[in-house]
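# Summary of the model geometry
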Amino acid sequence: MRILTKKILRDIWYQKGRSLSIIVIIALAMGLYAGVLSSYYSATDAFNTTETQLNLHSVRYQSNTPINASKIDLSHNSAVTAVDSRLAVVTSVQINHDNQSYTSPYYGIRDGEHPKVSDFLLQRGRLIQNSSEVLLEDKFMDSHNIQLGSTIHIDVGSIKINKTVVGAVFSPEFIYKVNPKTGLPDLEGVCPVWGMLKAVQSEFHFPGVNEILVRFTDNIHKNQKVIDKYISQVKTTLENEVNTTLASTELTQEADQQMKEGDVGALDDFARVFGTVVLLIALFAIYDNISKLIANQRNYIGTMRALGGSKWKVTRHYSYMAGLLSVVGVLIGVPLSWLIEYGLIAEYTDIVGIPLPSSKLYLIPMVQATSLVLGMAFLISVLSSIRVASITPREAMSSSFITQVFHSKPIVERILGKISSFEPTTAIPIRNIFRNKKKSLLTILTFSMSILLMTSALAFIDSFNYAIDQNFNDRQKFDMQIYYTQPIPASEAMDKLQAISGINQTEPFMSQTVSLDLGVNSSKTTSIYAYPADSKLRHYDIKEGKNEGVVVSGLLADEINIKVGESVHFSNTSLKVDGIANELISESIFMPLDQMQTMTGSGNNITGSVITLNEGVDQNKIQESIKSVLPVAVIVVSSTVKESIQTLIQGLFAMIAVMVLIGLLTVALFSFNTVVLEILSRENEFVNLKSLGSSKRKMLKVILIQSLIVSITGSIIAIPLSYFVANQVIQALMAGLMEMKTVIAPISFAFSIGAALIASFTGILAAYRHVINIDLVAAMRNRISN
Amino acid sequence: MEKLETNITSGPIIELDNVKRVFHVGEVEVEALRGVNAEINAGEYVVLLGPSGSGKTTLLNQIGGIDQPTEGTVKISHVDITHFDEEEMTKLRRKTIGWIFQFHNLIPSLSSMENVQLALELMEDKENQVERSIQALEDVGLGEYVDRFPAQLSGGQQQRVAIARALVKQPTIIVADEPTGNLDKETGNVIVDLMLDLCHSKGITFVVVTHDPSMAKVADRVLSMEDGKIVDSNVLSKTIKE
């Protein structure tokens, strides 16, 4: 083996601490980046595997009239792998131990058999065997404490039919459980039920099926045009066979699927955004460690250069050294990434309610992470080596301790010195900071960076909670939103509502679903909401323009690229936009009630009311009372909507929570490492102090002052840096999904910075112990000979 | 780089003409060498003697190829190296000059033999590296210590390894900066005797810096330095002996 190769291996071994630091930091960077990126692939796999295993439909054909299922024959179509049919109705159910009514998609399926398309996983119990038995969705059963053998009541018109629950199932059609009435996820409020086909047909007087589910071969799914072609082709065939007109809904248009796409899409953004933050932090930590490792070899570099070693040879030597450490770090990072990915995906699938996929290593994120982390580490190694190899041999062989050039006291000391003069043991650390400003700044920034991951993750939670509070405390101040089946006079609604005990305030509103003309055969369905101009229950947070006339939500304005003063166009009218408002999730248009009544010719009629309730009233009783006096289509409870919004990004929240934990680990490790490295790089200074007879207290003072300056300055810089990074993270994650202002609660800063300072103090103590235990004789001998 | 004549056995091998070296430390200028003129012949054992701060080490650095003068010329084997670029200076140190430092500057993670072998590896001289390294160690009396690490050797032994390292590449010139400065008198004498022996037996030109007049006694010539100038370049060694 070549001498220089032996030197690399031995130097790595002799400087175990430093070498291990570099390996750990690189392993952590690799593990985090690849793990987070892999979790996105894993989540996608989890969904795809479930959908494939359970033969989720590619398209659902619906009919308003009964279809004779025996006439369905798609066997001649090679694109179709499976076809099935069912009767689907939307009703409501009640369970025995509460008086609530839950929206229920109720399906009639063949008894005793699993569906051939859009199957379910039987988690507990058995399949149905007779008309009095049903299967329920498992998460609903768990959250409402429904046991096997329980009785539920299904509303069939005005009659309630009792059914016995014999099985709990997981269905890929109901992961987000979008309420068909509100269009929002409603995990607690939607109760999917499966019953015997004949029973459902009889109960709802529907002698046939009304849904045909078709699954295409996998290769067809790769191209939208191909899918559209086959959907149309199969539709034509079916319509001919069953002799009825069918509507079709492709899987990607199903509300639950769209929620899933949004959630998984957010995961992808999460992976990239947090992955980038991790790399940024790692960049500083790796640079700090590698540059210090190589700088520590300064004397040997000078010797090699004096012996005739070329700059290139020396650069190559130290690049290899740092490069080898990087490779080891990356190799350790691979299994670490698997662990992190497994942890993230286990949490995610548990919350979302899908089966955990079998674990595997994903090549793309591994290759990406390896290239980035290794590339970064190699680049840093080469640049650091080039820099040190460029020092002349004469300078390199002089002790770096001796060649530090001082001209004068730093300005801080000169200013503060006017107040009181500094003892030498106070002046030493202050002058050290200002001696090598670049090095000091790097150390301080590395410390700041260590805090970023945790503050970014906490910022997301804080910003989300703030956005929810702001939306439901400042903008939408009502507790319930009532939609009527038909327009009714405002006065009638107001009078009847105010007569109900428990209702505090009430206001009218109108809503209408419209199609926005976006030009070039393009349109977008949206809603117009109209509240009284002086409404106390619905406010707008105007960000552009003014709060009068037509106000468009910010999300909608961004999507259709509309500005204040421009017009939105409908099929038969246009409206000039007067203002753009920050809205949490709404992509709607708002206007004063009287303007909408005039525009629609509704007179004094309204289509809905919003109410606030007195403290402690029974919401169910209020709803029952309202339904008994007014023609109610649906009542949307604000607290349920809040939960639904949280459900919308539940997967993302699971990941963020894990990120907070990982961030805590990162803070601890990187802060500790930065402080220890900084102290150990000044070992010569402590040798001098010790040889002069310095007490332990004085040594601790010198260590503390410089470390505290680094830690505190780093923490202060971390505040605006965290805000900047958190803002980028949140905007990247929430773009198009929600409008969220970046908020970092003081407690989040306190927690992150507190953790960093605790880690820093631990590092100070560890380094202090090392310093006071230095063997003076050996250290002086080493220093002289080096 | 101009080819240096490596077979000069007599006549000047080192020529210094009005060599000046100024260092800038912040706003302060330090004139370390203020016009040095000297010639050193091949095979001579020359000592640069002077008090601390007289410019001896700075002058040695000019001769040893790790620094260049601000003014004047330095010739090695009749080749002006004053304006050599970095690569040429490196080649000079690699092939022509051997260095011995006050603090030996051995690599602690390499054994004695490996420290010596390092010099050959840096020269990319692959021929019989191990054998030549062992021979060099034997020449300095450390044939039995080939596998010892620097921390396992005494100060004198470490310095002898450093001499072996300088010797192994068969340089034309060996420059030594206070080679005995870190050693006790007895050990220092051993080192000096070794260097003298090598000088005379192998014909290597030695330029040795010291502040200790007793170390200068054995030299063929002593160049006394004071305030950046050579104040006496006669064969003072005889005078010192007398």
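Just above, that's the structure.
Since the model is a prediction, treat every value here as computed from it, not as a measurement.

## What to know about helix H6 (residues 185-202) of chain B
Residues and elements named next belong to chain B. In a regular helix each residue adds 1.5 Å, so 18 residues correspond to 26 Å; H6 covers 25 Å between its end C-alpha atoms and thus fits that length. Buried residues of H6: Gly188, Ile191, Val192, Leu194, Met195, Leu196, Leu198 and Cys199, and no others. At the exit of H6 stands Gly203, carrying a positive phi of roughly 70°.

## As for the interface of chain B and chain A
Contacts between the two partners involve 38 residues from chain B and, on the opposite side, 29 residues from chain A. Of the roughly 2900 Å² buried at the junction of chain B and chain A (both faces included), carbon and sulfur atoms supply 59%. Looking at the side of chain B facing chain A, the largest losses of area belong to Ser109, Glu121 and Leu122 of chain B, adding up to 21% of the total buried there. Taken together, chain B and chain A are joined by four salt bridges. A salt bridge links Arg305 of chain A to Glu86 of chain B; the nearest nitrogen and oxygen atoms lie 2.4 Å apart. Viewed at the interface, chain A and chain B are joined by nine residue pairs in polar contact (both at pLDDT 80 or more). With five residues, helix H3 (residues 112-122) of chain B is the single largest residue contributor to the side of chain B that touches chain A.

## Things to note about the sheet that holds strand S6 (residues 97-100) of chain B
All names here are of chain B. Here six strands make up an open sheet; going across it, the order is S6-S7-S8-S3-S9-S10 and the pairing mixed. Strands with a single pairing partner mark the edges of an open sheet, and in this sheet they are S6 and strand S10 (229-232). Neighbour-to-neighbour, the strand axes of this sheet turn through a mean angle of 25°, independent of strand direction. By the bridge criterion, three bridges tie strand S9 (residues 221-226) to S10 in an arrangement that is antiparallel. Paired with Glu226 across the strands is Lys229, a residue of S10.

## Side note on the packing of helix H6 (residues 255-295) of chain A against helix H19 (residues 650-680) of chain A
All names here are of chain A. In the contact formed by H6 and H19, the axes pass within 12 Å of each other and the chain directions differ by 5°. By the angle class used here, H6 and H19 are roughly parallel. Contact with H6, carried on its side by Asp263, Ala266, Leu267, Phe270, Phe274, Ile281, Ala282, Ala285, Asp288, Asn289 and Lys292, involves Gln650, Gly651, Leu652, Met655, Ile656, Met659, Thr666, Phe670, Asn673, Thr674, Leu677 and Glu678 of H19 and no other residues of that element. When the residues that make up the contact of H6 with H19 are grouped by side-chain class, the tally is 13 nonpolar, six polar and four charged.

## Side note on the packing of helix H2 (residues 16-53) of chain A against H6 of chain A
Packed helix pairs are characterised by how far apart their axes lie and by the angle those axes make with each other. All names here are of chain A. Where H2 contacts H6, the two axes come as close as 9 Å, and the packing angle between them is 170°. On the basis of the axis angle, H2 is roughly antiparallel to H6. In the contact of H2 with H6, the residues fall into 22 nonpolar, six polar and six charged.

## Some words on the pairing of strand S13 (residues 522-531) of chain A
Residue and element names in this part refer to chain A. Of all the ten residues making up S13, seven are buried; the element is thus mostly covered by neighbouring parts of the structure. Direction of pairing for strand S12 (residues 503-519) relative to S13: antiparallel, over a ladder of nine bridges. Note that in S13 the partner of Gln512 across the bridge is Ile528. Across four bridges, the pairing between S13 and strand S18 (residues 589-592) is parallel. By the bridge assignment for S18, Ala530 is matched with Met591.

## Considerations on the sheet that holds strand S2 (residues 28-41) of chain B
All names here are of chain B. Spatially, S2-S1-S4-S5 is the arrangement adopted by the four strands of the open sheet, whose pairing is antiparallel. Each edge of the open sheet is held by one strand with a lone partner, namely S2 and strand S5 (79-80). Both strand S4 (residues 71-76) and S5 contribute to a ladder of two bridges, which runs antiparallel. The partner of Lys75 across the bridge, within S5, is Asp80. Here helix H1 (residues 56-63) sits on the sheet and contacts strand S1 (12-25), S2 and S4; the angle it forms with S1, its principal contact strand, is near 120°.

## Re the environment of Gln368 of chain A
All names here are of chain A. Mapping Gln368 onto the fold places it in helix H9 (residues 363-389). With 335 residues separating them in the primary sequence, Gln368 and Tyr33 have C-alpha atoms 9.1 Å apart. Those residues in contact with Gln368 that lie beyond four places of it in its chain are Tyr33, Leu37 and Arg272.

## Details of the packing of aromatic side chains
Residue and element names in this part refer to chain A. In the structure shown here, the tally under the stated rule is 19 aromatic pairs over all chains. Centre to centre, the rings of Phe47 and Tyr348 are 6.3 Å apart; their planes meet at 80°, and the pair counts as edge-to-face. With Phe47 in helix H2 and Tyr348 in helix H8 (residues 311-352), this residue pair connects regions lying 301 residues apart in the sequence. The interplanar angle of 45° and the centroid separation of 4.9 Å between the aromatic rings of Tyr540 and Phe590 together place this pair among those described as tilted. Highlighted residues: Tyr540 in the loop between S13 and strand S14 (541-545) and Phe590 in strand S18, separated in sequence by 50 residues. With respect to burial, Tyr540 and Phe590 carry one shared label: buried.

## Details of the side chain of Ser385 of chain A
Residues and elements named next belong to chain A. Of note, Ser385 is situated in helix H9. What makes Ser385 buried here is its relative accessible area of 1%. A distance of 2.6 Å separates a polar side-chain atom of Ser385 from the backbone oxygen of Ser381.

Scoring rules and cut-offs
Residues numbered from 1 in each chain as written. Chains lettered and ligands numbered in written order. Predicted model: local features only at pLDDT ≥ 70, side-chain atom pairs only at ≥ 80, totals over all residues. Heavy atoms only, no water. Helix = DSSP H or I, 4+ residues; strand = E, 2+ residues; numbered from the N terminus. Expected span 1.5 Å × (residues − 1). Buried < 20%, exposed > 50% of the residue type's maximum accessible area, 1.4 Å probe, protein only. Contact = heavy atoms within 4.5 Å. Buried area = accessible area lost by both parts, 1.4 Å probe. Salt bridge = Lys/Arg side-chain N within 4 Å of Asp/Glu carboxyl O. Polar contact = N/O pair within 3.5 Å; in protein donor to acceptor, adjacent residues only side chain to side chain. Pairing = 2+ DSSP bridges. Axes fitted to C-alpha atoms, helices over the stretch in contact; angles between N-to-C directions. Parallel < 35°, antiparallel > 145°, perpendicular 65-115°, else oblique. Nonpolar A, V, L, I, M, F, W, Y, C, P; charged D, E, K, R; others polar. Phe/Tyr/Trp six-rings, centres within 6.5 Å; stacked < 30°, edge-to-face > 60°.

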